[in-house]
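What follows is each chain in one-letter form.
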Amino acid sequence: MQRIVCIVIFSRQLRENKQEERLLLVKDSQIGRSKQIRSDYRIHLTASIDCIRVLLRQGNSFRGHDETEGSLNPGNFLIQLEFLGAHNKEINDVILKNAPKNCKLTSPDIQKDIVSSYATETINVIIKDIGNSLFSILVDESRDVSMKEQMSVVLRYVDSSGHINERFIGIEHVTSTTTLSLKAAIDKMFTKYNLSISNVRGQGFDGASNMQGKFNGLKALILKENPCAFYIHCFAHQLQLALIAVAKKNLPISNFFRIVGDVVNVVGSSCKRSDLLKEKH
């Protein structure tokens, strides 16, 4: 009787051990698949990032008018990704057609997210390079093609090697061009990047009243917080104003610019006239 009981217990233990072995095998296979999925995703993401980095460096557009499968011109990003896959089998196995349908990493939102990450990392490097050093701020605002008023901000500073650098750190959308709106946008940007208004030693704007107004201009508001932030009228704007004033007062120069404008309009509107001008000159 005891022998029978021992046999039953032993057989039960064998079954349990086999079940444990099966569970371990399943778990190992799942872990292996998970590692493979992570590896494929890393290769896929790295390829997309590399393509976007090249396009950003060259200042090229990303999207095409027709990005459907079989399109002859799907855009620079997809063409670049296809080219990369054609020269690397490891990449080709995980991108575009070979990628999961819910994880192709080619949508405009994904592209924008990667571009935003690049922008954040670039600005962080600039801010780290500035550190606690003194710097100047250059600001200009204009309306873009989408009829949005935007303010661009550039920081000018001397790095640890003694070189003068001018670095663009961003464009802020402003609801209006009033002094208070521009000042609020600058304060928001300074807070975002942990910059101190007390470290500003110069400010450069155009000559508009909302920028260089003696009492209520942007210059005056910054000087109230930091008297050391000396204002300098932008030299490019000064040159433009000087040229306009000279052209208006000098009749030969005014006629010259008028004739040049007429020639450009007449010749540029006709291919035949453009060819005739090239043949004679």
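Residues numbered from 1 in each chain as written. Predicted model: local features only at pLDDT ≥ 70, side-chain atom pairs only at ≥ 80, totals over all residues. Heavy atoms only, no water.

S.K.: Explain unusual backbone geometry residue by residue, including any values.
M.R.: In this structure, Leu 105 takes a positive phi of about 60° despite not being glycine. You can see Leu 105 is positioned in the loop between α3 (89-92) and α4 (108-130). By relative accessible area, Leu 105 is classed as buried at 10%. (Helix = DSSP H or I, 4+ residues; strand = E, 2+ residues; numbered from the N terminus. Buried < 20%, exposed > 50% of the residue type's maximum accessible area, 1.4 Å probe, protein only.)

S.K.: Can you tell me about helix α7 (residues 218-225), naming the residues and giving the values?
M.R.: Of the residues making up α7, those classed as buried are Leu 218, Lys 219, Ala 220, Leu 221 and Ile 222. Taken together, the buried residues of α7 touch α5 (179-192), β4 (200-205), α6 (209-212) and β5 (230-233). (Contact = heavy atoms within 4.5 Å.)

S.K.: Tell me about the packing of helix α8 (residues 235-249) against helix α9 (residues 251-268), residues and numbers included.
M.R.: For the pair α8 and α9, interaxial distance at closest approach is 5 Å and the crossing angle is 105°. Looking at the two axes, α8 sits roughly perpendicular to α9. Between α8 and α9, the contacting residues are Val 246, Ala 247 and Lys 249 on the first element and Leu 251, Ile 253, Ser 254 and Phe 257 on the second. (Axes fitted to C-alpha atoms, helices over the stretch in contact; angles between N-to-C directions. Parallel < 35°, antiparallel > 145°, perpendicular 65-115°, else oblique.)

S.K.: So what's going on with a nonpolar patch on the surface? Which residues, and what values?
M.R.: Together, Phe 256, Phe 257, Val 260 and Val 264 line one region of the surface with nonpolar side chains, adding up to about 400 Å² of accessible area. Tracing the sequence through the fold places Phe 256 in helix α9. (Patch = residues over 30% accessible without salt bridge, like charges linked within 9 Å, V, L, I, M, F, W, Y side chains within 5 Å. Areas by Shrake-Rupley, 256 points an atom, 1.4 Å probe, with all protein chains shown as cover. Salt bridge = Lys/Arg side-chain N within 4 Å of Asp/Glu carboxyl O.)

S.K.: Requested: an account of the sheet that holds strand β2 (residues 149-158), with residues and values cited.
M.R.: Strand order in the open sheet formed by 5 strands is β3-β2-β1-β4-β5, and the pairing between neighbours is mixed. Both outer strands of the open sheet, β3 (164-173) and β5, are each paired with one neighbouring strand and no more. Within the sheet, the average angular offset between the axes of one strand and its neighbour, ignoring direction, is 25°. The pairing of β2 with β3 spans 9 bridges and is antiparallel. By the bridge assignment for β3, Ser 152 is matched with Ile 171. Where α7 meets the sheet, it contacts β4 and β5, and its direction lies at approximately 175° from that of β4. Along the sheet face, α8 touches β1 (135-143) and β5 and points at about 35° away from the line of β5. (Pairing = 2+ DSSP bridges.)

S.K.: Before we move on, could you go through the packing of aromatic side chains and cite the residues and values that matter?
M.R.: Tallied over the full model, the rule gives 3 aromatic pairs. Here the aromatic rings of Phe 135 and Phe 190 are separated by 6.0 Å at their centres, their planes lie at 55°, and the arrangement is tilted. Of the two residues, Phe 135 is situated in strand β1 and Phe 190 in helix α5; the sequence distance between them amounts to 55 residues. Residue class for Phe 190 comes out buried when judged on its relative accessible area of 4%. (Phe/Tyr/Trp six-rings, centres within 6.5 Å; stacked < 30°, edge-to-face > 60°.)

S.K.: Can you lay out the pattern of salt bridges for me, pointing to particular residues and giving the numbers?
M.R.: Applying the stated criterion to the full structure yields 7 salt bridges. Put simply, Lys 89 and Asp 93 hold a salt bridge, and the shortest N to O gap is 3.1 Å. Lys 89 gets classed as exposed once you look at its relative accessible area, which sits at 63%. For the salt bridge of Glu 225 with Lys 183, the shortest nitrogen-to-oxygen distance reads 2.7 Å. Taken together, the residues span a long stretch of sequence, with Glu 225 in helix α7 and Lys 183 in helix α5 at a distance of 42 residues. Given the relative accessible area of 6%, Lys 183 is considered buried.

S.K.: Account for the nonpolar core, with residues named and values stated.
M.R.: Ranked by internal contacts, the top residues of the largest apolar core, which has 28 residues, are Phe 135, Ile 137, Val 139, Met 151 and Phe 190. Among the elements of the structure, α4, β1, β2, α5, β4 and α7 are those that each provide at least two residues to this core. At 5 residues, the largest contribution of residues to this core is made by α5. Not counting residues within four places of it along the chain, the set of residues in contact with Met 151 comprises Val 139, Asp 140, Glu 141, Gly 170, Ile 171, Glu 172, Val 174, Leu 182, Ala 185 and Ile 186. Among the nonpolar cores identified, the runner-up in size contains 13 residues, and Ile 43, Ile 52, Leu 55 and Phe 62 belong to it. (Core = buried A, V, L, I, M, F, W, Y, C linked by side-chain atoms within 4.5 Å.)

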